[in-house]
Each structure stands twice: as structure tokens, then as C-alpha cells.
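# Overview (structure and organization)
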Amino acid sequence: MIITITATWYVAAERKDNRNWGFWLYLLSNLLWFIWAIPHRAWALATMQVILAGMNIRGVKNSEPKQTKKPEKVKVK
């Protein structure tokens, strides 16, 4: 739960690198909740963590800097 709260703090940050850390912390939190849910047969919680992990993976991808193509030089004759 502490990791989830910390992740929320970081995702709300203004700096992009802190937001990126927040998504990674969310993924760790999803994994820990999933590990806890399985032996307790908390299937709804386990399913929710898998879905949330997918959403957090999307967040990580959107948070990473996009590589831009270098503009091609136009040759003038």
C-alpha cells in the first residue's frame, strides 16, 4: 500500500522523470498486490492488478521521451 501511495505522489509530479518513476512504482505495486492475492484466492484483486498493470505499461510508454526523426536535408540543384 505504501508503494501505491508513493507511486501516486510521483505520477502527480510536474517533472516528467518523476512521473515515469511513478509508473514504474505502480508496476511494482501491481506485482506485489498480485502476489498477495493469489494465495488468498482474491481472484478479483488479482484480475484487477493485471488490468491495472497493462494500463501502467501504457503510462510508462507514453511517459518516455519519443524519438523524433532527424529532418532529411533537401538537396537543391
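Residues numbered from 1 in each chain as written. Predicted model: local features only at pLDDT ≥ 70, side-chain atom pairs only at ≥ 80, totals over all residues. Heavy atoms only, no water.

## What to know about the packing of aromatic side chains
Evaluation of the coordinates by the stated rule reveals one aromatic pair. Where W33 meets W36, the ring centres are 6.4 Å apart and the plane angle is 85°; that geometry is what we call edge-to-face. Linking W33 with W36, this pair stays in helix α2 (residues 16-37), spanning three residues, or about one helical turn. (Phe/Tyr/Trp six-rings, centres within 6.5 Å; stacked < 30°, edge-to-face > 60°. Helix = DSSP H or I, 4+ residues; strand = E, 2+ residues; numbered from the N terminus.)

## Let's talk about a nonpolar patch on the surface
Where nonpolar side chains cluster on the molecular surface, the patch consists of L28, L31, L32, F34, I35, I38, W43 and V50 and spans about 710 Å² of accessible area. Put simply, the parts of the chain that give the nonpolar patch at least two residues each are α2 and α3 (43-63). Residue contributions to the nonpolar patch peak at five residues, all from α2. Position of I35 relative to the elements: it lies in helix α2. (Patch = residues over 30% accessible without salt bridge, like charges linked within 9 Å, V, L, I, M, F, W, Y side chains within 5 Å. Areas by Shrake-Rupley, 256 points an atom, 1.4 Å probe, with all protein chains shown as cover. Salt bridge = Lys/Arg side-chain N within 4 Å of Asp/Glu carboxyl O.)

## Let's talk about unusual backbone geometry
In the Ramachandran plot, R41 falls in the positive-phi region, its phi being about 55° despite a non-glycine side chain. Residue position: R41 is located in the loop between α2 and α3.

## So, the confidence of the model for the protein
Low-confidence regions, as indicated by low pLDDT, have predicted coordinates that should not be scrutinised in detail. Here the protein shows a mean pLDDT of 85. Residues at 70 or above account for 82%. Considering each helix and strand of the protein separately, the mean pLDDT is smallest for α3, with a value of 89, and largest for helix α1 (residues 2-11), with 91. (pLDDT = per-residue confidence, 0-100.)

## Some words on the side chain of S29
Position of S29 among the secondary structure elements: in helix α2. Excluding residues within four positions of it along the chain, S29 makes contact with I3, T4 and Q49. (Contact = heavy atoms within 4.5 Å.)

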